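# A look at the structure
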Amino acid sequence: MTRRPCLRWLISGSVLIAAELLPTVAAAQLNTQHVKGASGLKAGSQPPPGGYVIAPLLYIYDTDTVKDADGNPLDIDATLTSALFAAGYSQVTTKKILGGFYGFSVLFPAGANNRIQGTEINQNPGAGLTDSVVTPITLGWHTPRADAMAGFTVYVPTGRYADGARNNTGFGMWGFEPSLGTTIYLDPKRQYHAATVVSFDVQSSKKDSTTKVGNEINFEGGLGSDFMNGKLTTGLAYYWAIKMSDDQIQGVPPFLLRGKNTTFGLGPEATFPIEKNRTIYAFVTARVFWETYARVTTQGNSFLISVTFPTKPIKLPG
């Protein structure tokens, strides 16, 4: 069973969650649009040619702690929860470019509530549409013992945004994210696997502002195993986000921006099918992360659950 779709290209750009944080001027760093933990098990594997609809996608991030550059909690009330509801579509074609199958995807967040927007941690803009995510190209390669993927994602500022406003649901900036990943199968039957995707985020300046989020590198993936002839995948997923350059925040002198965001999260993941009469109609993925390390950002936990429908139900042999 090899048709478990990789959701990386739909959920990697869910741009609302834990979007920006400026807990204090003395320890100020902003997050990129990339959602930490968007990828997990088999993150470096492209699904087989076909269409995939994801609906719904639910992502919840919960925290009560902000860490400074030394790993100490800041003495502020950081209790908050962000939630995202979204839907998207991914297509993998039979066309090959450089030997890899060409694909693309789009994600349209349908609704969200984000309390980590802007420069105040308790700010709550309420529910609303946010920015959109387009991945115009992914390429996937497959060998008996390894898969590989490459892609390019664009974050489009379609959400509500005005500089200094307290009800922003978008970010007022463009984001660009090249990525490269692989899944290695540890045995000839491809039951055990290890995967990593590396992505790099670059942002434009925010609308009507000189504020610019620093660049970030993300490592995501996991170690897992397939059961039930490949229909069930379980294991341990991880993410590691590292800010590579300083933010430029309008009105804040650079010498006050001490430290860069770094976050590491770890947790279980499972994907299983919705099946009837030996026909698979959908796949359900659930993933939980606990952040075990954080600097100059929130430290909390997240939960993701999504349902993916192949546009053509999968008939199982036998």
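Residues numbered from 1 in each chain as written. Predicted model: local features only at pLDDT ≥ 70, side-chain atom pairs only at ≥ 80, totals over all residues. Heavy atoms only, no water.

Quick look at unusual backbone geometry now. Along the chain, A55 connects to P56 via a cis peptide bond; the corresponding omega equals 0°. One can find P56 in strand β1 (residues 50-67). Not every positive phi belongs to a glycine, and M228 is a case in point at roughly 55°. Topologically, M228 is positioned in the loop between β8 (216-227) and β9 (232-243). According to the relative accessible area criterion, M228 is exposed, its value standing at 51%. (Helix = DSSP H or I, 4+ residues; strand = E, 2+ residues; numbered from the N terminus. Buried < 20%, exposed > 50% of the residue type's maximum accessible area, 1.4 Å probe, protein only.)

Another point: a nonpolar patch on the surface. Taken together, the side chains of I137, F152, W174, F176, F200, V202 and M244 make up a nonpolar region of the molecular surface, amounting to roughly 560 Å² of accessible area. Within the secondary structure, F200 is located in strand β7 (residues 192-203). (Patch = residues over 30% accessible without salt bridge, like charges linked within 9 Å, V, L, I, M, F, W, Y side chains within 5 Å. Areas by Shrake-Rupley, 256 points an atom, 1.4 Å probe, with all protein chains shown as cover. Salt bridge = Lys/Arg side-chain N within 4 Å of Asp/Glu carboxyl O.)

With that settled, the discussion passes to the pattern of salt bridges. The tally for this structure, following the rule as stated, stands at 6 salt bridges. K42 is the salt-bridge partner of D226, the closest N and O atoms lying 2.7 Å from each other. Placement of the pair is D226 in strand β8 and K42 in the loop between α1 (8-11) and β1, with a sequence separation of 184 residues. Residues D247 and K243 are paired through a salt bridge, measuring 3.0 Å at the closest nitrogen-oxygen approach. Given a relative accessible area of 4%, D247 falls into the buried group. Among the residues examined, K243 registers a relative accessible area of 3% and is labelled buried.

Quick look at the side chain of Q33 now. Along the polypeptide, Q33 turns up in the loop between α1 and β1. From its side chain, Q33 meets the backbone oxygen of M173 in a polar contact 3.3 Å long. (Polar contact = N/O pair within 3.5 Å; in protein donor to acceptor, adjacent residues only side chain to side chain.)

Along the chain, the position of F176 falls in strand β6 (residues 175-185). Residues F176 and V202, 26 residues apart in the sequence, show an inter-C-alpha distance of 5.3 Å. Excluding residues that lie within four positions of it along the chain, F176 makes contacts with F152, T153, V154, Y155, F200, D201 and V202. (Contact = heavy atoms within 4.5 Å.)

This part covers the packing of aromatic side chains. Tallied over the entire structure, the rule returns 4 aromatic pairs. Seen from their ring centres, Y238 and F264 are 6.4 Å apart, and the 25° between their planes marks the pair as stacked. With Y238 in strand β9 and F264 in strand β10 (residues 262-276), this pair connects stretches of sequence that are 26 residues apart. Note on Y238: relative accessible area 17%, which makes it buried. Under the relative-accessibility criterion, F264 is labelled partly exposed at 26%. When the centroid spacing of 4.8 Å and the interplanar angle of 65° are considered together, the rings of Y239 and F289 count as edge-to-face. (Phe/Tyr/Trp six-rings, centres within 6.5 Å; stacked < 30°, edge-to-face > 60°.)

It is worth spelling out the pairing of strand β12 (residues 297-310) at this point. Across the 14 residues of β12, 10 count as buried, placing the element largely inside the fold. When β1 meets β12, the two strands line up antiparallel, connected through 13 bridges. Within β12, the residue paired with Y59 across the bridge is L304. Of the pairings in the sheet, the one linking strand β11 (residues 279-295) to β12 comprises 8 bridges and is antiparallel in character. If you follow T285 over to β12, its bridge partner there is S306. Linking two consecutive strands that pair antiparallel, namely β11 and β12, is a turn of 1 residue; a positive phi of about 55° is found at V296 within it. (Pairing = 2+ DSSP bridges.)

Sheet topology places β10 next to β11; 13 bridges connect them, and they run antiparallel. If you follow F264 over to β11, its bridge partner there is Y293. Count of turn residues in the β10/β11 antiparallel hairpin: 2 residues, of which N277 carries a positive phi of about 55°. When β11 meets strand β13 (residues 314-315), the two strands line up antiparallel, connected through 2 bridges. Of the residues in β13, the one forming a bridge with T279 is K315.

Relative to the elements of secondary structure, T63 occurs in strand β1. A polar contact is formed between the side chain of T63 and the backbone oxygen of T65, at a distance of 3.2 Å. A distance of 2.7 Å separates the side chain of T63 from the backbone oxygen of Q299, its partner in a polar contact. Once residues within four sequence positions are removed from consideration, T63 is found in contact with A78, T79, L80, T298, Q299 and G300.

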